[in-house]
Amino acid sequence: MFAALGAGACRQAWRGLGPSGVAVERNADQLFGAMVIRYTQVTRDAKYEFARDQLNRSALVPSRIFDDSAVWTNQPSPVLRALFVQGTAESGHYMLASRTTVTRPARMGDSRHIITLARLSPNEFVWDTSVDFALGTVSAGEVGALATALLASGERGSDKELRADYAVVAPRAAAVLGVLFSVDSMRSTPFSDGTSNVNLTIGVHADAFKERYPAFGSYLAKYSNPAHYRFSLTDRGGAIWFDVQGADRQIGIHYRTSQGRLVPLYGPARARPDTMELHVDFTTKLKFFTVGVRNLVTEFIITDTPHERAWTFIGRREPEWSLPLITERLIRTPLRRPFSGTGVIFHLGIRDTADAQTLLERRAHTEVQESAIIRFLNSLGSGAMSDLSDRTEREEEQFLREVFTALQLDARALAPSLGTGSPVAPATEKTNAADP
């Protein structure tokens with residue numbers, strides 16, 4: 001999303017954050033400022049640092065850590081373990097600390113993390129993760145309007161005009177993102193029915209990125225350079241509404257819009273359904289092996305209400321697996337387990353209320369059945385997580401902080417030119433652009 005903002009945002013895209021320059025500046029300060037707080041000098045207490053490392057190493061073989069009291073902050077029952085973490089800004093640092101109890105985030109940038117592990121049998125477990133992050137007073141409707149405006153920003157104009165526009169309205173974000181990404185081509189083709197066909201080709205330059213961020217750049221080069229993937233958003237009739245393909249250090253993005261609303265790539269324009277399907281093909285190299293999935297299909301449920309914008313992914317169909325030949329003789333049944341029952345669930349959303357912080361919400365649910373093949377996959381995945389060393393993470397956090405700071409400053413610089421518009425409430429009051 002942020003690459004798209006840096007690469008395709010025009011002046012009117014910022015209007016999504018509010019009806020006036022004052023509102024845009026205020027909401028940008030909330031939305032991007034919260035993220036700046038989150039990525040400023042991140043520190044963790046000793047218990048959470050240890051627990052996080054163990055969880056990363058044993059995500060698919062949780063029996064190794066289930067009875068390790070050093071990992072958990074709570075043991076509600078013999079078959080349930082929990083880790084509670086509270087995040088907040090303290091003296092110029094963002095502290096993530098383990099706690100026996102956690103509260104709803106009350107200040108911009110505060111967060112709450114709840115991770116639970118339930119044991120169903122000696123080799124069957126259920127992971128649930130819940131993370132809430134406070135975004136200040138920007139409303140869910142305003143964040144949703146920004147996303148709509150970003151899509152609409154690519155509907156009109158030549159490649160040259162669009163490049164000139166974003167260079168003027170988001171110069172800082174373009175400069176920061178330009179270290180890693182380049183917009184190799186940008187085409188917007190208007191049709192007679194009022195829709196526009198948009199094609200973007202974005203180059204990914206992880207090797208060049210290493211000059212500024214040696215550790216993080218090396219990590220990205222190691223795992224992104226060999227990756228091949230495709231993400232296609234379709235309706236249940238098979239019509240494609242959004243398509244992303246990546247290989248050979250390039251990302252191709254193809255979509256069609258009408259006034260910022262997605263419509264099918266081909267055929268007559270029509271309203272987007274609330275329940276769609278996401279089709280995923282993905283492979284990359286882990287250690288010496290090429291691994292991945294083909295034809296992973298998840299339900300994609302879109303929530304669009306006055307006070308909530310959210311995406312929910314539910315995977316109930318086992319994909320085709322790309323695995324090394326050495327796994328051919330291993331029993332594959334445990335690979336199907338996460339997709340049975342309720343399936344794999346991932347939820348990402350923004351929810352606002354009149355008297356509290358707007359929350360960025362992340363939820364995840366999955367079941368694990370330990371076996372030889374799952375232990376093999378865990379060894380590959382834990383290796384990738386181990387590569388996120390202290391220096392790598394520090395550089396990642398520095399880069400993200402620079403991105404969000406640049407977006408915040410670009411919005412502030414442009415806001416006066418957007419006019420006064422209609423009166424807006426003070427920053428201490430909750431506003432809802434999406435209210436009926």
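The structure we're discussing is the one just above.
Residues numbered from 1 in each chain as written. Predicted model: local features only at pLDDT ≥ 70, side-chain atom pairs only at ≥ 80, totals over all residues. Heavy atoms only, no water.

Caption draft 1: Main features of helix H2 (residues 21-38). In a regular helix each residue adds 1.5 Å, so 18 residues correspond to 26 Å; H2 covers 25 Å between its end C-alpha atoms and thus fits that length. The axis of H2 is deflected most strongly, by about 25°, at Phe 32. With 15 of its 18 residues buried, H2 lies for the most part within the structure. (Helix = DSSP H or I, 4+ residues; strand = E, 2+ residues; numbered from the N terminus. Expected span 1.5 Å × (residues − 1). Bend = angle between axes of the 7 residues up to and from the residue. Buried < 20%, exposed > 50% of the residue type's maximum accessible area, 1.4 Å probe, protein only.)

Caption draft 2: A look at the packing of aromatic side chains. The full count for this structure, using the stated rule, is 18 aromatic pairs. Ring plane angle 40° and centroid distance 6.4 Å describe the contact between Trp 72 and Trp 127, whose orientation is recorded as tilted. Pair noted here: Trp 72 is in the loop between helix H3 (46-57) and strand S2 (74-77) and Trp 127 is in strand S6 (residues 124-134), with a separation of 55 residues, a long-range link. Here Trp 72 matches Trp 127 in class, with each residue buried. Between Phe 209 and Phe 399 the ring centres are 5.1 Å apart and the planes differ by 80°, which places this aromatic pair in the edge-to-face class. (Phe/Tyr/Trp six-rings, centres within 6.5 Å; stacked < 30°, edge-to-face > 60°.)

Caption draft 3: Looking closely at the environment of Ala 175. Its place among the elements puts Ala 175 in helix H6 (residues 171-177). Ala 175 gets classed as exposed once you look at its relative accessible area, which sits at 51%. Through-space distance from the C-alpha of Ala 175 to that of Ala 406 is 8.7 Å; in sequence the pair is 231 residues apart.

Caption draft 4: Layout of unusual backbone geometry. In this structure, Gln 41 takes a positive phi of about 45° despite not being glycine. Examined against the element boundaries, Gln 41 turns out to sit in the loop between H2 and strand S1 (42-44). Here Arg 249, not a glycine, exhibits a phi torsion of approximately 65°, which is positive. Locating Arg 249 in the fold gives a position in the loop between strand S10 (240-247) and strand S11 (250-258).

Caption draft 5: Helix H10 (residues 372-386), seen in detail. Compared with an ideal rise of 1.5 Å per residue, which puts 15 residues at 21 Å, H10 spans 21 Å between its outermost C-alpha atoms and is within 8% of the ideal. Close packing links the buried residues of H10 with H3, helix H8 (214-224), strand S13 (275-286), strand S14 (289-305), helix H9 (333-336) and strand S18 (356-369). (Contact = heavy atoms within 4.5 Å.)

Caption draft 6: Inspection of the layout of surface pockets at higher detail. One number sums up the size of the second largest pocket: a volume of about 230 Å³. Glu 49, Arg 52, Asp 53, Asn 56, Arg 57, Met 385, Ser 386, Leu 388, Ser 389, Asp 390 and Glu 393 together form the lining of the second largest pocket. Secondary structure elements with two or more residues in the lining of the second largest pocket: H3, H10 and helix H11 (390-414). Here the lining of the second largest pocket takes five residues from H3, the largest share from any one element. Class assignment of the residues belonging to the lining of the second largest pocket gives a composition of two nonpolar, three polar and six charged. (1 Å grid on protein atoms, 1.4 Å probe; cavity = no way out; pocket = protein on both sides within 12 Å on 5 of 7 lines; lining within 4 Å. Points joined across faces, edges and corners; volume = space filled by probe spheres on them. Nonpolar A, V, L, I, M, F, W, Y, C, P; charged D, E, K, R; others polar.)

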